[in-house]
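Chain and residue survey
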Amino acid sequence: MINRLTEKIQKTGAPIVVGLDPMLDYVPEQIQKASFAEYGETLAGAADAIWRFNKEIIDATYDLIPAVKPQVAMYEQFGVEGLQAFQKTVDYCHEKDLVVIGDVKRGDIGSTSAAYAAGHLGKVRVGSQVCSAFNEDFITVNPYLGTDGIKPFVKVCQEEKKGLFILVKTSNPSSGEFQDRLVDGKPLYEHVAEKVAAWGEECMGDSYSYIGAVVGATYPEIGKVLRQVMPKSFILVPGYGAQGGKGKDLVHYFNEDGLGAIVNSSRGIIAAYKQEAYARFGAEHFADASRQAVLDMIADIRGALEGKI
């Protein structure tokens, strides 16, 4: 799958991923009204509204981008109906030939970890049948439990040729409370990055490993260091746009080939119509606003990378 992601990035010239993290407040009133008219002001109505919202954004942007990243919590808050919307979103993105990164941040040990891996990346046996559940292409994983928590995911990635993005240095303000703690003279996130590089050696694609890392856009100097620690790992970079990251901050996350990183923007794209820069589109044309936000993001990152490639 890492080979496919790399090929999609090269084909589109857009090392970006659209975060499909739909809060109900992001969904324009006309979509909410249509869903509530059919299902009432219920969990099913909310789930239908976010599915309709997602579909229009996907339709408006799929030709520009290589990948999407739905955050499962935004769907789980609406219960079973929300998870059905998550599944519909994953399936529809695959129909549009997009790589799907499930932002699920799972992390456990033993059979629990194996079950998470099977449910999101692998297959489960049901009687005489073998079935796929959510069927994302990559998922995000929390490494706090150590190798025991990662190995079941790596095993499924080896079997299914799918991938992981492991949390190394996250973009939230309090991440340093644990991640920056010095251990043997180095911050903890560097130790985690070294493990990511080692785990990744077991799952190599043509040029990059199936095992990548999450490193926030809000720490460009740290990104520069971690790029060197994990030369063969793709880096998923959250924190662009709404959290303050800009294209110029991201140059060091990429390798000299212009690859090695993929930058996420969530509400900066899906809720673009609420921003002053895209207010001219209005809520009626929210998907067009999202498309323009994608184009602007691509231009920003391409411009920043021109001197590197």
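Everything that follows concerns the structure shown earlier in this document.
These notes cover the structure that comes with them.

Basis of the calculations
- Residues numbered from 1 in each chain as written.
- Predicted model: local features only at pLDDT ≥ 70, side-chain atom pairs only at ≥ 80, totals over all residues.
- Heavy atoms only, no water.
- Helix = DSSP H or I, 4+ residues; strand = E, 2+ residues; numbered from the N terminus.
- Rg over C-alpha atoms; globule rule 2.2 N^0.38 Å.
- Contact = heavy atoms within 4.5 Å.
- Areas by Shrake-Rupley, 256 points an atom, 1.4 Å probe, with all protein chains shown as cover.
- Axes fitted to C-alpha atoms, helices over the stretch in contact; angles between N-to-C directions.
- Left-handed = near helix turned anticlockwise from the far one by under 90°.
- Nonpolar A, V, L, I, M, F, W, Y, C, P; charged D, E, K, R; others polar.
- Core = buried A, V, L, I, M, F, W, Y, C linked by side-chain atoms within 4.5 Å.
- Buried < 20%, exposed > 50% of the residue type's maximum accessible area, 1.4 Å probe, protein only.
- Pairing = 2+ DSSP bridges.

A look at the overall build of the protein
When helices and strands are counted, the protein shows 12 helices and 12 strands. Here the C-alpha atoms of the protein give a radius of gyration of 19 Å, agreeing with the 19 Å that 2.2 N^0.38 yields for 309 residues. By principal-axis analysis of the C-alpha atoms, the protein measures approximately 60 × 55 × 40 Å. Within the protein, contacts between residues separated by at least 24 positions form 73% of all contacts whose residues are at least 6 apart in sequence. By element, 51% of the accessible surface of the protein is carried by carbon and sulfur atoms, the whole surface being about 13300 Å².

Side note on the environment of Tyr75
Mapped onto the fold, Tyr75 is located in helix 4 (residues 73-76). Separated by 35 residues in sequence, Tyr75 and Gly40 place their C-alpha atoms 18 Å apart. Ignoring anything within four residues of it in the chain, the contact list for Tyr75 reads Leu20, Pro22, Ile50, Asn54, Pro70, Gly82, Leu83, Ala85, Phe86 and Thr89.

Some thoughts on the packing of helix 9 (residues 188-200) against helix 10 (residues 220-229)
The geometry of helix 9 relative to helix 10 is characterised by a closest axis approach of 9 Å and an angle of 30 degrees between their N-to-C directions. For the pair helix 9 and helix 10, the crossing hand works out as right-handed. Contacts between helix 9 and helix 10 involve Tyr189, Glu190, Ala193, Glu194 and Ala197 from the first element and Ile222, Val225, Leu226 and Val229 from the second. Of the residues belonging to the contact of helix 9 with helix 10, the class tally is seven nonpolar, no polar and two charged.

Structural notes on the nonpolar core
Counting residues in each nonpolar core, the largest one holds 96 residues, and the members touching the most others are Leu5 and Leu164. Once you skip the residues sitting within four places of it in the chain, Leu164 turns out to touch Leu121, Phe138, Ile139, Val141, Phe153, Val154, Cys157, Tyr210, Ile211 and Gly212.

Description of the sheet that holds strand 10 (residues 211-215)
Read around the closed barrel, the eight strands follow the order 1-2-3-6-7-10-11-12; overall the barrel is parallel. Both strand 2 (residues 67-68) and strand 3 (residues 99-106) contribute to a ladder of two bridges, which runs parallel. Within strand 3, the position partnered with Val68 by the bridge is Val100. Helix 12 (residues 286-305) rests against strand 1 (16-18) and strand 12 (261-265) of the sheet, and its axis sits at about 160 degrees to strand 1.

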